[in-house]
Amino acid sequence: MKTLGIRRSAVHPAFMEKIAELADLIDRHTAADGNFDTMLPRVGIIRSSARTEPIHTLYEPSLCIVAQGRKRAVIGDVAHVYDAAHYLVVGVDLPVIGAVVEASANRPYLCLRLQLDRGLLTEMLPAVQGRLSESPAAGVSATTPELIDAAVRLLRLLDTPDDAEVLAPLIEKEILYRLIRGPQGALLRQIANGESRLNQIGRAIDFVRKNFSEPFAIEHLASVAGMSASSFYEHIKTVMAMSPLQFRTQLRLQEARRLMVTEGLTAAEAGFRVGYDSPSQFSRDYVRIHNVPPRRDIERMRASAG
């Protein structure tokens, strides 16, 4: 498995001061561990006071800037590691196996999440030179002082809400500008361009998300994306680091896990609900993704929750 985002380099003291301020802002506005929306549109903050087990989830198009700690997000066969020195950008809805890998009660994992607004990106493109080129749907790059400075000024608005209506949109645009001008610029341009390969693939991804319990042919997905079958298969592997069937399997198993935990369904019942015809095939896929049989996994999750 390829791992991205773990290179270390010297950090300027002023940069560390900004990182510390960002961590303090997130810490003060999170009363407990969890993922919280804020009063600022599209802005969320995340806190975890301990390392976590790998969790299967779906990442929406977003920017993640870490102020403290470290997280690992596995997308297909690529592991993205991001921390205070590296930010993560995700361009389409993607199934992710995420785990906080560095956190403690004294130094919790603290992260700012900004959902990417395609409309704002589209507005900004004419002012930012650059050609449209294909890139993976997620990437990790080195965090810059300018990006951290903008993130700090954005979260300061939580303490001065009267200023937020006017200043938050301006700072959000500045953050997007920094991203477009940075190493992930190609990905941001694809998000903004409605007819880019990324957005064509995104239409197929949305179809799979809504119909993962039903059988479908690659040819049908290709037609949803507006591409030939051969071109679609080639590009979706580049964009997502996984095949459409792998994507569907991850969505099915995420939903099956939820059904077993929240509704008390058996493994066989959950498997049938999400589209499996064979309980044995469901169990094999479950073990391959979660590393343990369904019943043992759910018992472990309930024990840890209790």
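Residues numbered from 1 in each chain as written. Predicted model: local features only at pLDDT ≥ 70, side-chain atom pairs only at ≥ 80, totals over all residues. Heavy atoms only, no water.

Caption draft 1: Molecular detail of the side chain of Arg-248. In this fold, Arg-248 is placed in helix α9 (residues 244–262). In this structure, Arg-248 is buried with no salt-bridge partner, the nearest side chain bearing the opposite charge being Asp-285 at 7.7 Å. For Arg-248, the contacting residues outside a window of four places in its chain are Val-208, Phe-212, Glu-214, Pro-215 and Phe-216. (Helix = DSSP H or I, 4+ residues; strand = E, 2+ residues; numbered from the N terminus. Buried < 20%, exposed > 50% of the residue type's maximum accessible area, 1.4 Å probe, protein only. Lys, Arg positive; Asp, Glu negative; His and termini not counted. Salt bridge = Lys/Arg side-chain N within 4 Å of Asp/Glu carboxyl O. Contact = heavy atoms within 4.5 Å.)

Caption draft 2: The packing of helix α6 (residues 197–210) against α9, seen in detail. Running from amino to carboxyl end, α6 crosses α9 at an angle of 35 degrees, the nearest separation of the two axes being 10 Å. Crossing handedness for the pair α6 and α9: right-handed. Of the residues in α9, those in contact with Ile-205, Val-208 and Arg-209 of α6 are Phe-247, Arg-248 and Leu-251. Here the residues of the contact of α6 with α9 are counted per class, giving 4 nonpolar, no polar and 2 charged. (Axes fitted to C-alpha atoms, helices over the stretch in contact; angles between N-to-C directions. Left-handed = near helix turned anticlockwise from the far one by under 90°. Nonpolar A, V, L, I, M, F, W, Y, C, P; charged D, E, K, R; others polar.)

Caption draft 3: Main features of the packing of aromatic side chains. Summed over all chains, the structure comprises 3 aromatic pairs. Consider the rings of Phe-282 and Tyr-286, whose centres lie 5.7 Å apart with planes at 55 degrees: the pair is tilted. In this pair, Phe-282 and Tyr-286 both sit in helix α11 (residues 279–290), 4 residues apart, roughly one turn of the helix. Just as Phe-282 is buried, Tyr-286 falls in that class too. Across from the ring centre of Phe-216, 5.0 Å away, lies the NZ or CZ of Arg-248, which sits over that ring. Over the ring of Tyr-276 we find Arg-252; its NZ or CZ atom is 5.4 Å from the centre of that ring. (Phe/Tyr/Trp six-rings, centres within 6.5 Å; stacked < 30°, edge-to-face > 60°. Lys NZ or Arg CZ within 6 Å of the ring centre and 35° of its normal.)

Coordinates in, geometry out; function isn't part of it.
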